[in-house]
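Next come the chains, spelled out residue by residue.
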Amino acid sequence: MNEAVLYETRNNVAVVTLNRPERLNALNADIFAGLGSAFDRIEADADVRAVLLTGAGRGFCAGADLLQSLGGAGPWDLGAAIERDYNPLVRRMRALPKPIVCAVNGVAAGAGLNLALAADVIIASKSANFTQAFVRIGLLPDAGGTFFLPRLVGEGRARAMAMLGETISSAEAEAFGMVWKVFDDEVFATEALTIAANLATRPAQALALMKHALNASAANGLDAQLDLERDLQRQLGNTPDFAEGVAAFKDKRPAVFSGKLR
Ligand code: T3D
């Protein structure tokens, strides 16, 4: 871990904070290295049952560090950076068998916005705002933006956001379905941790397989998805957490899930 990414655990939640506030947490080599170490720990630590990703200062993330990452006067091989840093991170976030809450505390621009969209539950502070800034510098949305955005907000809005590069408010993002909920700035950090801590009490294997099924639904037709649901539900039917959920229902008490994967 390095200082560009902070890591702490609270209530079985790994809190991962992008920490270059003077650059609105723009993505550079230190941030990618820090995120890599954070995900190593999250994957290895059975006590971590959910992740909370957020930013320090007034921004969530301003996308690629345009001042540092691009050396010289170009032309640049942007594909190399995407292959090395962005795509593995997005794939890792989607494949992680634990839920990720992204708490967008301030501006989310370019790849910063699209990393947020790779999370499972996206919330925003009232003062946050969002821009697919790429078009302003002659690029197209990367870090999964052309995949996640149309699925979240619909084709029309995705195309307009990508092509116009306008900034939208958190209220608009909520109305578009791009974020789950918006909270007042004063209570935002507390609400974010509450949501992540809530997820950390849920049946871990059910969340993992749910994530797998929802990921697969982007490519599957109905028949394949129905078959997948059957197979995954068969697995869950054999877990102690399912037995506990049913017992708790019968006893009229809250269920206490083990948090075990598999
Ligand atoms: O090779 C590869 O990495 C390819 C991959 C590319 C993926 C991408 O993400 S491309 C898109 C890159 N991001 C952008 O184009 C956004 C650039 N930033 C902005 O447009 C604005 O800063 C914001 C809309 C995000 C916020 O505006 P505002 O007015 O609230 O803040 P500001 O004054 O512009 O920024 C504050 C500081 O952060 C400022 O530094 P200073 O002048 O106070 O010393 C600014 O330079 C710095 N900053 C903001 N964004 C970036 C940045 N520094 C480096 N890289 C940034 N992306």
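Structure: above.
Residues numbered from 1 in each chain as written. Predicted model: local features only at pLDDT ≥ 70, side-chain atom pairs only at ≥ 80, totals over all residues. Heavy atoms only, no water.

Quick word on the pairing of strand β7 (residues 121–125)
With 5 of 5 residues buried, β7 lies mostly within the body of the structure. Residues Val121, Ile123 and Ser125 point to one face of β7 and Ile122 and Ala124 to the other, with burial holding for every one of them. Bridge count for β7 against strand β10 (residues 181–183) is 3 bridges, and the pairing is parallel. Looking across to β10, one finds that isoleucine 123 is bridged to lysine 181. (Buried < 20%, exposed > 50% of the residue type's maximum accessible area, 1.4 Å probe, protein only. Helix = DSSP H or I, 4+ residues; strand = E, 2+ residues; numbered from the N terminus. Pairing = 2+ DSSP bridges.)

Examining the site of the ligand
As a matter of local geometry, the ligand sits amid 24 residues, with Arg23, Ala62, Ala64, Leu66 and Ala111 nearest to it. One nitrogen or oxygen atom from the side chain of tyrosine 86 is found 3.0 Å from an oxygen atom belonging to the ligand. Within the backbone of alanine 111, a nitrogen or oxygen atom sits 2.9 Å from an oxygen atom of the ligand. In the complex, the protein chains occlude 68% of the 1,000 Å² of accessible area that the ligand would expose alone. A total of 3 residues in the shell around the ligand trace back to one element, the largest contributor, which is helix α2 (residues 78–95). Among the residues making up the shell around the ligand, the classes are represented as 16 nonpolar, 2 polar and 6 charged. (Near = heavy atom within 4 Å. Polar contact = N/O pair within 3.5 Å; in protein donor to acceptor, adjacent residues only side chain to side chain. Areas by Shrake-Rupley, 256 points an atom, 1.4 Å probe, with all protein chains shown as cover. Nonpolar A, V, L, I, M, F, W, Y, C, P; charged D, E, K, R; others polar.)

Some details on the pairing of strand β5 (residues 100–104)
Most of β5 sits inside the fold, with 5 of its 5 residues counted as buried. With burial as the criterion, each face of β5 is covered, one bearing Ile100, Cys102 and Val104 and the other bearing Val101 and Ala103. Here strand β3 (residues 50–55) runs beside β5; their pairing, made up of 3 bridges, is parallel. Opposite valine 51, over in β5, you have isoleucine 100 as the bridge partner.

In short, shape yes, function no, at least from these values alone.
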